[in-house]
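Descriptive structure summary
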Amino acid sequence: MVAGGRYTLDPRYRRFPTIVHALDDAANRLPDRAALIVQGRRLTYRQYRAAAAGMARHFLSLGARGQAVAVCMGNGLEAAVAIQGAMAAGALAAPINPNYTPAELKPLLADIAPRILCCDPAQETRIRAFAAELGIPHVEVLGPGARTVDALANDPDLRLPEPLPGAGDPSAMFFTGGTTGLPKGAEHTHATLIAHSYAMLALWPLEPDTQTMLNVAPLFHIWGFCLTLTDPVTVGATAVLLPAYKPADVLAQFVEHKVTIFAGGPPALYIGLRANENYAKTDFSNLRWCLSGGAPCPEELLRAWERETGTEILEGIGMSEGAPYASMPMYGPHKLRSVGVMPPETIVEIVDLDSGTRVLPAGERGEIRVKGPQFISRYRNRPEETAKTFRDGWLYTGDIGYFDEDGYLFIVDRKKEMILVGGYNVYPREIDEVLHNHPAVLEAATVGVPDSFSGEAVKAYVALKPGAKLDRATLEAYCKERLVKYKRPKHIEFVDALPKTGVGKINKLALKAWK
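Now for a look at the structure at hand. (Residues numbered from 1 in each chain as written. Predicted model: local features only at pLDDT ≥ 70, side-chain atom pairs only at ≥ 80, totals over all residues. Heavy atoms only, no water.)

**Structural notes on the pattern of salt bridges**
Counted by the stated rule, this structure contains 27 salt bridges. For D150, the salt bridge is made with R41, and the minimal N-O distance between the two is 3.3 Å. Placement of the pair is D150 in helix α6 (residues 150-153) and R41 in strand β3 (residues 41-44), with a sequence separation of 109 residues. Classification of D150 by relative accessible area gives partly exposed; the value is 39%. (Salt bridge = Lys/Arg side-chain N within 4 Å of Asp/Glu carboxyl O. Helix = DSSP H or I, 4+ residues; strand = E, 2+ residues; numbered from the N terminus. Buried < 20%, exposed > 50% of the residue type's maximum accessible area, 1.4 Å probe, protein only.)

See the structure below:
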């Protein structure tokens, strides 16, 4: 089955060739509206443009145009302005995880080959060592105690450097999660990057110039990047950003800033908020919509969050290579466990797992392949990986899914995470869903482990809610009532917590390495 976008972009939204143009427009229209707030520090749109302009001019003086600017920083005003400034300078902004170890960081920096490397003051010593080793010409230390955005933001004479970048120029690069090996660089143009905003707004049509959006995801991830740096600017919203995910701090923002849109993220983030002692006391009365992506939400979580906060979680699906390719629409039928429908100009097909060319009918499971203006067409410096993922104009996602008769997309699992038990295809998400629905379970995840009889067997890792009691025999009996024998966990391990990636997803690669 083939499905294309059925929604259109509201004509109230202005069309821009780049996010730099959008920032310039927002500063002209909404000069005194708060654009970005981070822990009591804030920039109006006028100040945001001035700070980005000043940073861009500084980067240009260091030869940034047409080069890469790596931003190895935590969430903050300086990181946001460094990224915007790099793009305004006609450079490729490459945000990377500042918590990476040297073994993880050095190959990424070698891949980026940046002209400029930005870091927080706390990272300066090791970052300068990397720069010297890799021949990176310039290190910029940004943040309190070093260069801040304050002077730039309050300089009324700063203007964005001309010419502004064009739609086809490089804009930003994100590294894939690396669950299958060394992360790959997904290099976006300004056209693919801003296409994310228009795809999102077609399905999630936010009222322009009125929203306050809260994000806790890191800026080095495409979700955190777009929900902080591109989408709020495109729609004239105030973006509230937190340096790190701490449930009590997140809950306090809903009240302090009267948040209307919660950018959210993977389900583990919502689960953590619900488990915090302040959750039941938090005033969510200004909240209108909550967003989720990166991993599927358990049905129990979707129902409980709506019941307790009065707002729905809208799930979407995307990847570093382009996002979204489907989202649950704000206005239209909502279906539990579906990731929704396609945005405009986006085509999604379900194809067979063997050849990857035979399009499957509704209800039949296969690999998801996509086309759309938001997608890159290659990986940086990775011709072999590019050839595997991008074929005949299609991006093969590695996700397994199916369409229902109404054209709603359902994600079953990752192709690489599928477990083969005695010749049967077993999709971990289906088992995870069953485990999550047990009232004593806080989090659960299943992986395949070697088995001498069936080739692979299902192993479940389970974390219980505080104070809950559950033993193996009881959980096995629960699964027996709900799963055919080959899908049931053969091995169950109770743990205090499940390992997470830097963006809050359950790290199944780490689980497979556990003994």
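**Remarks on helix α8 (residues 222-235)**
The largest bend in α8 comes to about 30°, at T228, with the proline P232 one to four residues further on. In terms of burial, α8 is a largely internal element, 14 of the 14 residues being buried. Residue G236 follows α8 closely and has a positive phi angle near 65°. (Bend = angle between axes of the 7 residues up to and from the residue.)

**Remarks on the nonpolar core**
In terms of nonpolar packing, the biggest core is built from 84 residues, with Y45, Y48, F59, V69, C118, L206 and F225 touching the most fellow members. Beyond its immediate stretch of four places on either side in the chain, F59 contacts A64, V69, A82, G85, A86, A89, I116, C118 and E140. (Core = buried A, V, L, I, M, F, W, Y, C linked by side-chain atoms within 4.5 Å. Contact = heavy atoms within 4.5 Å.)

**Some remarks on helix α14 (residues 472-480)**
Burial in α14 covers these residues: L475, Y478 and C479. Across the axial projection of α14, the buried residues extend over an arc of 95°, all falling on one side. For α14, exposure combined with an orientation more than 90 degrees from the buried face picks out A473 and K480. Looking at the buried residues of α14, the elements they touch are α13 (428-436), β24 (455-464) and β25 (491-494). (Arc of directions from axis to C-beta.)

**Observations regarding the pairing of strand β14 (residues 313-319)**
The element β14 is largely enclosed, with a buried count of 6 among its 7 residues. The pairing of strand β13 (residues 289-292) with β14 spans 3 bridges and is classified as parallel. Residue C290 lies in a different strand from β14, and its bridge partner there is I313. Of the strand pairs in this sheet, β14 and strand β15 (residues 322-327) are connected by 3 bridges, and their pairing is antiparallel. Residue pairing in the sheet places G316 in a bridge with S327 of β15. (Pairing = 2+ DSSP bridges.)

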